[in-house]
Amino acid sequence: MTAPRTTVIPPYTAQLRVYEPLAAYPEPDRSRWQAYAAAHGPDAEGPGRPVTGAALAEQRGALARLAALTPRPLPDREDGRAYLRLVDGVTYVCPWTTRLRGWLALQELPRTLPAHLVDTVLPPALRSTAEAERAQWQQDHPDARPWILTSRWEVPMRWFLAFGEEDRHHLPAGEYGSAGEGERPEPAALFYLTPMVQARRRVARAYRVLREKAPDGVLVDGAEEIGRWLEEFHPRSLVELDYGGLARLLGPGGLAEEHSVGELAAGLAALRSGDTDEAARVHEELTGRWRRVLALRQSS
């Protein structure tokens, strides 16, 4: 699908997504998603194309809520929309669950911004109302979990563990569609897509070597966290790491040279073989590079 032209510039965020096959959803959700997929069939992307158009649509909805006369940090209800992928004739669905993800983001906000900025962006009364609604909803849906994890300004190191370099898809700006006169070309895209069985295997293998060779490192806890999250989903799912707006932040050259997945895999291989110096070098290089990217959020 050619992404719709838009003036919306993607925010500097990356997403980790899980797409479950239609068969994984219980009724009545299965029938609802089946009807949604039938109605939005042209929106389903193959394994080698980004879901840029759907991502921009979600961002436009969020901006519309915030730009309203009475800003709404969250939708009144889940909008029932999803990312779709079509692989080998099988339709995979990744629900947006925008409201649930919004609640989770609100919980994180005080830990990422100074208190006076939090109160300016979202007044305490709005946050209190949203928290009360979240508590009631979670009581009614104790097993709910998001299909999408979001990170601002960086890709968490633990996310790389689920992928291999063979899963990499890099599309320069404008490569997957042509822009008309006066239109903005599609942004550059970088994403990784892999079967769930492969993702779980890689994370489990990484966790074992980290627990044995570097039990005090933060990455071992990250591997355990991602492994538990992946276990929540159907074993025939797909897992995707989408750099999203970070592609624009890294720039064309930086994006083309971005191979953190492969570099981390090489570092883990060195650690597994006992070459701790090489493993430490790789880890320091990766963390230093992403620390410099994260520092850009302070620039004006």
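Residues numbered from 1 in each chain as written. Predicted model: local features only at pLDDT ≥ 70, side-chain atom pairs only at ≥ 80, totals over all residues. Heavy atoms only, no water.

Before going further, it helps to spend a moment on the overall build of the protein. When you go through the protein residue by residue, the secondary structure sums to ten helices and seven strands. Each of the 300 residues in the protein was classed as buried or not, and the buried ones make up 42%. Summed over its atoms, the accessible surface of the protein is roughly 15600 Å², and 54% of this surface lies on carbon and sulfur atoms. (Helix = DSSP H or I, 4+ residues; strand = E, 2+ residues; numbered from the N terminus. Buried < 20%, exposed > 50% of the residue type's maximum accessible area, 1.4 Å probe, protein only. Areas by Shrake-Rupley, 256 points an atom, 1.4 Å probe, with all protein chains shown as cover.)

The subject of this paragraph is helix α7 (residues 218–230). The terminal C-alpha atoms of α7, which comprises 13 residues, lie 19 Å apart, in line with the 18 Å expected from a rise of 1.5 Å per residue. Of the residues making up α7, those classed as buried are L219, V220, G222, A223, I226, W229 and L230. Looking at the buried residues of α7, the elements they touch are β1 (13–21), β4 (148–152), α6 (196–213), β7 (238–242) and α9 (260–273). (Expected span 1.5 Å × (residues − 1). Contact = heavy atoms within 4.5 Å.)

Enumeration over the complete set of coordinates arrives at eleven aromatic pairs. Ring geometry for F160 versus W290: centroids 6.1 Å apart, planes at 40°, classification tilted. A residue pair is termed long-range when its members are at least 10 positions apart, and F160 in the loop between β4 and β5 (168–171) and W290 in helix α10 (residues 276–295) qualify at 130 residues. The burial state of F160 is the same as that of W290; both residues are buried. A cation sits over an aromatic face here: R17 above Y83, 4.3 Å from the ring centre. Over the aromatic face of W33 sits the side chain of R32, whose NZ or CZ is 4.6 Å from the ring centroid. (Phe/Tyr/Trp six-rings, centres within 6.5 Å; stacked < 30°, edge-to-face > 60°. Lys NZ or Arg CZ within 6 Å of the ring centre and 35° of its normal.)

Following both chains from N to C, one finds α6 and α9 inclined at 50°, their axes separated by 10 Å at the closest point. The angle between α6 and α9 places the two elements in the oblique class. Judged by the twist between their axes, the crossing of α6 over α9 is left-handed. Only L268, L271 and R272 of α9 make contact with α6, whose side of the interface consists of R205, A206, V209, L210 and K213. (Axes fitted to C-alpha atoms, helices over the stretch in contact; angles between N-to-C directions. Parallel < 35°, antiparallel > 145°, perpendicular 65-115°, else oblique. Left-handed = near helix turned anticlockwise from the far one by under 90°.)

Let us now look at the environment of L219. Mapping L219 onto the fold places it in helix α7. The exposure class of L219 is buried, given its relative accessible area of 10%. Considering only alpha carbons, one finds L219 and L161, 58 residues apart in sequence, at a separation of 9.6 Å. Sequence-distant contacts of L219, defined by excluding residues within four places in its chain, comprise M157, R158, L161, L210 and L264.

Turning our eyes to something else, we now look at the packing of α9 against α10. Interhelical geometry of α9 versus α10 gives an angle of 155° and a closest axis separation of 7 Å. For the element pair α9 / α10, the angle class is roughly antiparallel. When you trace α9 past α10, the crossing you get is left-handed. Mapping the contact onto sequence places S260, E263, L264, G267, A270 and L271 in α9 and T276, E278, A279, V282, E285, L286, R289 and W290 in α10.

What follows concerns the environment of R200. Mapped onto the fold, R200 is located in helix α6. Taking C-alpha positions, R200 is 9.2 Å from L161, a pair spaced 39 residues apart along the chain. In contact with R200, other than residues within four places in its own chain, are L230, E231, F233, H234 and P235.

In this section: helix α1 (residues 29–39). Among the residues of α1, those classed as buried are W33, Y36 and A37. Seen along its axis, α1 keeps its buried residues to an arc of 100°; they face one direction. Summarising the geometry of α1, the exposed residues directed more than 90 degrees from the buried face are A38 and A39. Against the buried residues of α1 lie β2 (82–87) and β3 (90–95). (Arc of directions from axis to C-beta.)

Time to look at the pattern of salt bridges. The full count for this structure, using the stated rule, is 16 salt bridges. A salt bridge links E240 to R17; its shortest N-O distance comes to 2.9 Å. Separated by 223 residues along the polypeptide, E240 in strand β7 and R17 in strand β1 bring together distant segments of the chain. Residues E240 and R17 agree in their burial class; the two are buried. With a closest N to O distance of 4.0 Å, E212 and K213 form a salt bridge. Beyond isolated ion pairs, a larger network of salt bridges with shared partners links E258, E263, E278, R281, E285 and R289. (Salt bridge = Lys/Arg side-chain N within 4 Å of Asp/Glu carboxyl O.)

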